[in-house]
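# Structure at a glance
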Amino acid sequence: MFKWLETQYAGLTGHVEHLKGRSFDEVVWGNEKLFTYDDKDTRFGVQAQWHEAWMWFAYLYGDPAIINNVRERYDWTLNHPDQDGLLGPRMTKRPNPMSVFLRGAIPYYAETRDPRMLERITAHFLASKKRAGDRPWTLEYNSFWGIEILCWLYLQTGDRRMLDLALECADAQSVSELVGKLNRQPLLDHIRSYKNRMANAHGVKISQMIMVMVALYQATGDAKYLTAAENAYKVIDRSSMLVDGCPSARESLAGNTSVESHEACTINYSSGTFSYLLHTTGDAKWADRIERVCLNAGLGCVTKDFKQVQYFSSPNQVVAQNVTKIGGFTGLYLTFDSGRFDWCCAATVNRIIPSYIGTMWLQGPAGAVVAALYGPSTVTVKAGQEPVTIVEKTDFPFSGDIVFEVESEKPVRFPFWLRIPGWCEGAEIRINGVKQDIETKPATFAKLEREFRSGDKVSLRLPMKVKATAWPDGGIALERGPLVYSLRVEAEKHPMDPMVFSVDAMAAKRHSVATAPLGREFPQLGMTPKSAWNYALDVDPAKVADQVQVIQGRMTDAPWSDEGHAPVELKVPAHRVEGWNLITNSIKGRVELKPGQALTPDLPDPATMKLGAKETIALVPLGSTCLRLTVFPFARGAR
């Protein structure tokens, strides 16, 4: 997993502020720009998102230079309050950027335990409340984000004023109203009555709103908040969840058809909210969700050198061009961009895989060591008073075979919990080769407790079976273990002259690849298909495990590459669908196209679908693709 962090840092993570896009013409956090610059929030807000993601990344990556760089921005900001204690930009009209920026203070405080951080952030919120005077304290537009920080402050300090402010803001920002609606019974009636309104909610906003509910539950212990959060996902699952584990969100939540897409920011905040729920409830089902969204949607929205990200990505995207218009959005959002245009997504995407890595090892009750997510790693923990190192060796998620090797100076007794994923039946645990008689129910934690000695080996086998899932419009998708599999469409990659935005005038300017900062190394890419993609799968969902051949290949240093063979491929019977082509003409009210532009089509109508000869195609993990088809027409549904 560390290899991916190295790839991130060599790509966008280490270079976003140098790409000089819409929000990085200059760095505004950590200097006098906090006091003087009026950017209408865009610059402060996007850079806050990047600094917050960078802080989480920095501590996982462990490079002192990177840690010091981002800490300097936080230290300057925390050490330069206004006269009454208010932190952050003075000229901006909304406090939202400061609330986002302060999220990065959570891992910073966890590492340093510097009490001055808590004092200054507390003073900041009290100053904000004071400035509101007699008006209800709301944190204003979209700044219910600050509720999470207030609840965290309350849990760290016990200062009741912070909890009171969080509850006051929850009332003013409609969080309390939403909690009440999501607690209605029966839930199915609630889904029918509330679905349309919820579908109008911004994908990032609704993810953060759910996270706030969980934070309020942590702070108050009131079960209504947790129930509301879980019910919110029941609504989303029915109406908006896509096969790759992320809700559709072409800004607002939408449906779950094959051509729906999601913003990269929504992928990030979904993984963060799932992590919040896992830490809070201890329910293994939330780890399943982290795994699914990070390893599928998260890796699917970026190029595999991590130099470009899509603002909007989709399980089905066989073309990614730059000027196609979809509803109110230009298709520039569909290209693979290096941050000049996709400003917020180029910031938040840096935290998706760190969210996964940072949740791999947790501490459970009674000092239990919890392996919550899997991947090659090493962790050192205190078991009682003794340090214990556990080395995890595995090719997960391509293989379900995992070995944990224990290293300790003395024999030590501690609880060791292993997550059994919800997709896994028949998991098996062995210690030093001896099979253990222990329950391995899916979506739970298997709990070992014994005296461990240095050299002990705990082996976990998670059988990965191929299964088929049904999707709207007669669609079918194939999964194996935590991964969704796609037809990788060979891409013609077109470096583009990037469009760079000036925040001051909000005027677009074109720069050639040669003159744009880092333009040749980080080009903006449009992609068109140069291999066949219009296939229907010919499988029986009830017998798919017998009809699909699993080809276990060789692991490499770049297992997510979108070129060459993947570590695991599925050989699947399929048919070409005659007449199923790219959309190349405008559709009134939906798509506007110019000559030469194209868009991924909906699935064909099963009633009129015409199939070619039967053949075998290879599917690879969705994360190993840029252009792809993931939800296929179902050949056996054709007439």
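Residues numbered from 1 in each chain as written. Predicted model: local features only at pLDDT ≥ 70, side-chain atom pairs only at ≥ 80, totals over all residues. Heavy atoms only, no water.

### Side note on helix α15 (residues 284-300)
Between its first and last C-alpha atoms α15 spans 24 Å; for 17 residues at 1.5 Å apiece the expected length is 24 Å, and the two agree. The largest bend in α15 is about 30°, located at Cys-294. When you tally the buried positions in α15, you get 14 out of 17 residues, the bulk of the element. (Helix = DSSP H or I, 4+ residues; strand = E, 2+ residues; numbered from the N terminus. Expected span 1.5 Å × (residues − 1). Bend = angle between axes of the 7 residues up to and from the residue. Buried < 20%, exposed > 50% of the residue type's maximum accessible area, 1.4 Å probe, protein only.)

### Comments concerning the environment of Asp-562
For Asp-562, the position within the fold is in the loop between β27 (549-552) and β28 (568-578). Setting aside its immediate chain neighbours within four residues, Asp-562 contacts Lys-304, Arg-488, Lys-493, Ser-624, Thr-625 and Cys-626. For Asp-562, the side chain forms a polar contact with the side chain of Lys-493, separated by 3.3 Å. (Contact = heavy atoms within 4.5 Å. Polar contact = N/O pair within 3.5 Å; in protein donor to acceptor, adjacent residues only side chain to side chain.)

### Quick word on the state of the cysteines
All told, the structure shown has zero disulfides when counted by the stated rule. Residue Cys-246 stays outside any disulfide, its sulfur separated by 8.9 Å from that of Cys-301, the closest cysteine. Cys-246 gets classed as buried once you look at its relative accessible area, which sits at 0%. (Disulfide = S-S within 2.5 Å.)

### Re the environment of Asn-296
Mapped onto the elements, Asn-296 comes out in helix α15. Here the alpha-carbon distance between Asn-296 and Asp-244, two residues 52 residues apart in the chain, equals 5.3 Å. Of the polar contacts made by the side chain of Asn-296, one reaches the backbone oxygen of Arg-292; its length is 2.9 Å.

### Some details on the sheet that holds strand β12 (residues 386-394)
Spatially, six strands are ordered β11-β12-β13-β18-β15-β16 in an open sheet, and the strand pairing comes out antiparallel. This sheet does not close on itself; its edge strands, each paired only once, are β11 (377-383) and β16 (434-435). In this structure, β12 lies alongside strand β13 (residues 401-407), joined through six bridges in antiparallel fashion. In the strand pairing of β13, Glu-392 is matched with Phe-404. (Pairing = 2+ DSSP bridges.)

### Focus on the packing of aromatic side chains
For the structure shown, the criterion picks out 27 aromatic pairs. Ring centres 6.2 Å apart and planes at 25° place the aromatic pair Phe-274 and Trp-286 in the stacked group. Residue Phe-274 is located in helix α14 (residues 264-281), and its partner Trp-286 is located in helix α15; the two are separated by 12 residues in the primary sequence. According to the relative accessible area criterion, Phe-274 is buried, its value standing at 0%. In this structure an aromatic cluster arises from ring pairing among Trp-361, Tyr-374, Phe-396, Phe-404, Phe-414, Phe-416, Trp-423 and Phe-452. (Phe/Tyr/Trp six-rings, centres within 6.5 Å; stacked < 30°, edge-to-face > 60°.)

### Overview of helix α6 (residues 105-112)
Taken together, the buried positions of α6 are Ala-105, Ile-106, Pro-107, Tyr-108 and Tyr-109. Summarising the contacts, the buried residues of α6 are in contact with α3 (42-61), α4 (64-78), α5 (96-103), α7 (115-132) and α8 (145-157).

### Examining the packing of α14 against α15
Two quantities define a packed helix pair, namely the angle between the helix axes and the distance between the axes. For the pair α14 and α15, the least separation of the axes is 8 Å and the interaxial angle reads 160°. Judged by the inter-axis angle, α14 sits roughly antiparallel to α15. As α14 packs across α15, the resulting crossing turns out to be left-handed. Facing Ile-267, Ser-271, Phe-274, Ser-275, Leu-277, Leu-278 and Thr-281 of α14, the residues of α15 in contact are Trp-286, Ala-287, Arg-289, Ile-290, Val-293, Cys-294, Ala-297 and Gly-298. Its residues assigned to classes, the contact of α14 with α15 comprises 10 nonpolar, four polar and one charged. (Axes fitted to C-alpha atoms, helices over the stretch in contact; angles between N-to-C directions. Parallel < 35°, antiparallel > 145°, perpendicular 65-115°, else oblique. Left-handed = near helix turned anticlockwise from the far one by under 90°. Nonpolar A, V, L, I, M, F, W, Y, C, P; charged D, E, K, R; others polar.)

### Here we look at the pattern of salt bridges
Counting across every chain of the model gives 29 salt bridges. Residue Lys-285 pairs with Glu-230 through a salt bridge whose shortest N-O separation is 4.0 Å. You can see Lys-285 sitting in helix α15 and its partner Glu-230 sitting in helix α13 (residues 223-239), a full 55 residues away along the chain. For Glu-521, the salt bridge goes to Lys-307, with nearest N and O atoms at 3.8 Å. Remark: Lys-307 occurs in the loop between α15 and β4 (309-310) and Glu-521 occurs in the loop between β24 (507-510) and β25 (524-529); sequence separation between them is 214 residues. A relative accessible area of 40% places Glu-521 in the partly exposed class. Judged by its relative accessible area of 18%, Lys-307 falls in the buried class. Look at the salt bridges and you will find they share partners, linking Asp-82, Asp-84 and Arg-131 into a network. (Salt bridge = Lys/Arg side-chain N within 4 Å of Asp/Glu carboxyl O.)

### What about unusual backbone geometry?
The amide bond that connects Phe-396 to the next residue, Pro-397, takes the cis arrangement and shows omega of 10°. By secondary structure assignment, the location of Pro-397 is in the loop between β12 and β13. Positive phi, normally seen in glycine, also occurs at Arg-113, with a value near 55°. Examined against the element boundaries, Arg-113 turns out to sit in the loop between α6 and α7.

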